[in-house]
Amino acid sequence: MATFSMPASLPAGLDLGERRRRRQALSGLVVLAILLVLPLGIGDVYVRNILILTLMYTALSQAWNILGGYCGQISLGHALYFGIGAYVSTLLFTKFGVPPMLGMVAAGFVAALIALVVSWPCFRLSGHYYAIATIVIAEIVYLLFLNWDWVGGALGINVPFRGESWVSFQFRTAKLPYYYAFLGLAAVLWLASYWIENSKWGFYWRAVKDNPIAAQSLGVRLFRSKMVAAAASAFFTGIGGSFYAQFVAYIDPDSMMNAQLSILICLPAVLGGIGTLWGPAVGAAVLIPLTEVTRSYIGGSGSGTDLILYGVLIMAVATLKPEGLTGLFRIDGRIKPAAAPATGPSGSTHAA
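Residues numbered from 1 in each chain as written. Predicted model: local features only at pLDDT ≥ 70, side-chain atom pairs only at ≥ 80, totals over all residues. Heavy atoms only, no water.

Caption draft 1: Spatial organisation of the overall build of the chain. Looking only at helices and strands, the chain features 15 helices and four strands. Out of the 352 residues in the chain, the part that is buried amounts to 46%. In the chain, the share of contacts with a sequence separation of at least 24, taken over all contacts with a separation of at least 6, comes to 75%. Only carbon and sulfur atoms are counted for the fraction: they give 69% of the accessible area of the chain, which is about 17600 Å². (Helix = DSSP H or I, 4+ residues; strand = E, 2+ residues; numbered from the N terminus. Buried < 20%, exposed > 50% of the residue type's maximum accessible area, 1.4 Å probe, protein only. Contact = heavy atoms within 4.5 Å. Areas by Shrake-Rupley, 256 points an atom, 1.4 Å probe, with all protein chains shown as cover.)

Caption draft 2: Region of the structure containing the confidence of the model for the chain. Mean pLDDT over the chain works out to 85, with 86% of the residues at or above the 70 mark. Across the chain, helix H4 (residues 79-96) holds the top mean pLDDT of 96, while strand E4 (residues 349-350) sits lowest at 41. Contacts of residues 1-14 to residues separated by more than four positions or lying in other chains number one contact, the stretch itself having pLDDT below 50. Segment residues 331-352: pLDDT under 50, and 30 contacts once partners within four positions in sequence are set aside and those in other chains are kept. (pLDDT = per-residue confidence, 0-100.)

Caption draft 3: Expanded view of the nonpolar core. Core analysis: the largest hydrophobic core is formed by 88 residues, its most contacted members being Tyr87, Trp205, Phe243 and Met257. At 13 residues, the largest contribution of residues to this core is made by helix H3 (residues 45-70). (Core = buried A, V, L, I, M, F, W, Y, C linked by side-chain atoms within 4.5 Å.)

Caption draft 4: Fine view of the pattern of salt bridges. In the structure shown here, the tally under the stated rule is two salt bridges. Across the salt bridge formed by glutamate 18 and arginine 22, the nearest N and O atoms sit 3.6 Å from each other. With a gap of four residues between them, glutamate 18 and arginine 22 both fall in helix H2 (residues 16-37), about one helical turn apart. What makes glutamate 18 partly exposed here is its relative accessible area of 39%. (Salt bridge = Lys/Arg side-chain N within 4 Å of Asp/Glu carboxyl O.)

Caption draft 5: Examining helix H6 (residues 128-146) more closely. The end-to-end C-alpha separation of H6 is 27 Å, in line with the 27 Å expected for 19 residues at 1.5 Å each. Within the sequence span of H6, burial applies to Tyr130, Ala131, Ala133, Thr134, Ala138, Val141, Tyr142 and Phe145. The inward-facing, buried residues of H6 abut H3, H4, helix H5 (100-122) and helix H11 (253-256). (Expected span 1.5 Å × (residues − 1).)

Caption draft 6: Geometry of the side chain of glutamine 73. You can see glutamine 73 is positioned in the loop between H3 and H4. Excluding its chain neighbours within four sequence positions, the residues that come into contact with glutamine 73 are Leu67, Gly68, Phe123, Tyr130, Val208 and Lys226.

Caption draft 7: Region of the structure containing the packing of H3 against helix H10 (residues 222-248). At a minimum axis separation of 7 Å, H3 and H10 run at an interaxial angle of 165°. One finds that H3 runs roughly antiparallel with respect to H10. You can see that H3 and H10 cross each other, and the crossing is left-handed. Contact residues: Asn49, Ile52, Leu53, Met56, Leu60, Ala63, Trp64, Ile66 and Leu67 in H3; Lys226, Ala229, Ala230, Ala232, Ser233, Phe236, Thr237, Gly240, Tyr244 and Phe247 in H10. In terms of residue class, the contact of H3 with H10 is built from 14 nonpolar, four polar and one charged. (Axes fitted to C-alpha atoms, helices over the stretch in contact; angles between N-to-C directions. Parallel < 35°, antiparallel > 145°, perpendicular 65-115°, else oblique. Left-handed = near helix turned anticlockwise from the far one by under 90°. Nonpolar A, V, L, I, M, F, W, Y, C, P; charged D, E, K, R; others polar.)

Caption draft 8: Spatial organisation of helix H8 (residues 200-210). Burial in H8 covers these residues: Trp201, Gly202, Trp205 and Val208. In a view along the axis of H8, the buried residues occupy a sector of 130°, so they form one face of it. Elements that come into contact with the buried residues of H8 comprise H3, helix H7 (176-197), helix H9 (212-217) and H10. (Arc of directions from axis to C-beta.)

Caption draft 9: Region of interest: the side chain of lysine 226. Here lysine 226 lies in helix H10. For the buried lysine 226, no salt bridge exists, and the shortest N-O distance to an oppositely charged side chain is 13 Å, to aspartate 210. (Lys, Arg positive; Asp, Glu negative; His and termini not counted.)

Caption draft 10: Quick look at the environment of leucine 116. Among the structural elements, leucine 116 can be located in helix H5. What makes leucine 116 partly exposed here is its relative accessible area of 30%. Residues leucine 116 and methionine 227 lie 111 residues apart in sequence; the distance between their C-alpha atoms is 6.4 Å. In contact with leucine 116, not counting residues within four places along its chain, are Met227 and Ala231.

Put into structure tokens, the structure is as follows:
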């Protein structure tokens, strides 16, 4: 009786995914260790400020990547959730005395709820129609807040100083606590994305992104999957807005809900590699220092220069490396499949 034996190379092939995950985890630990000690050797306040903003946009873009990268629903109105998060925690703090650390959690949930309300009709649309709808809704809310006196209107709200502490999340003498706060947020988003990549929801979202009809035929509930992705993305974006409100101690619609902010939230992921684990971080590490240095050295005479540079970078990446900057170094940890052995006429195998 003929017996069937497994090829010797099959177990190693099956283990490729696990080995890739381990390399990703190890690289994450190395990067985290470097970032933990990095500011200790930097005393310049300006450089520390750039590092804080880079970490903030890393986290925001990682949150956007959940919806736009993994699920394939391109939102160009994420400044709405960022602004909602900033306003919720600030209003709870200034009008009701709720500590910002508690207000941040409320900000995330309110942003997620708003995302569900917005997404309910918008997900009936597809493609560029959905992207346009997110822009329109974000602009409507922006105009509403601009003329709403209870939330400060166009004048905005100053965050009162109640003493340095983590409970009030206020530090006037040093920026270092804010650095570690944004590093913690970015690390949480990275871990969430790491989990998503190998989770049930991650497989659902990638299926929805690649082929919605095929995904639905296999039992994936498209609408519910999109709604979960939108809520998760908005939740973390709202918390990021709350962090930023405490960092700058002043909020207004122009700085928290403008359309340019929505673009800047998604650009790092697009530049670094949309739908990849390291794409948002790599993109933010390139874009944000470039923006801040351009503003500092060119100033008002160079208004819009950063946008020109964004356009040049995006065109260069789209032309030379469509999968993003992570494709240059394979930072996303993907492995090319080995070439299958070719079988000769006699049944023997040789390298293809």
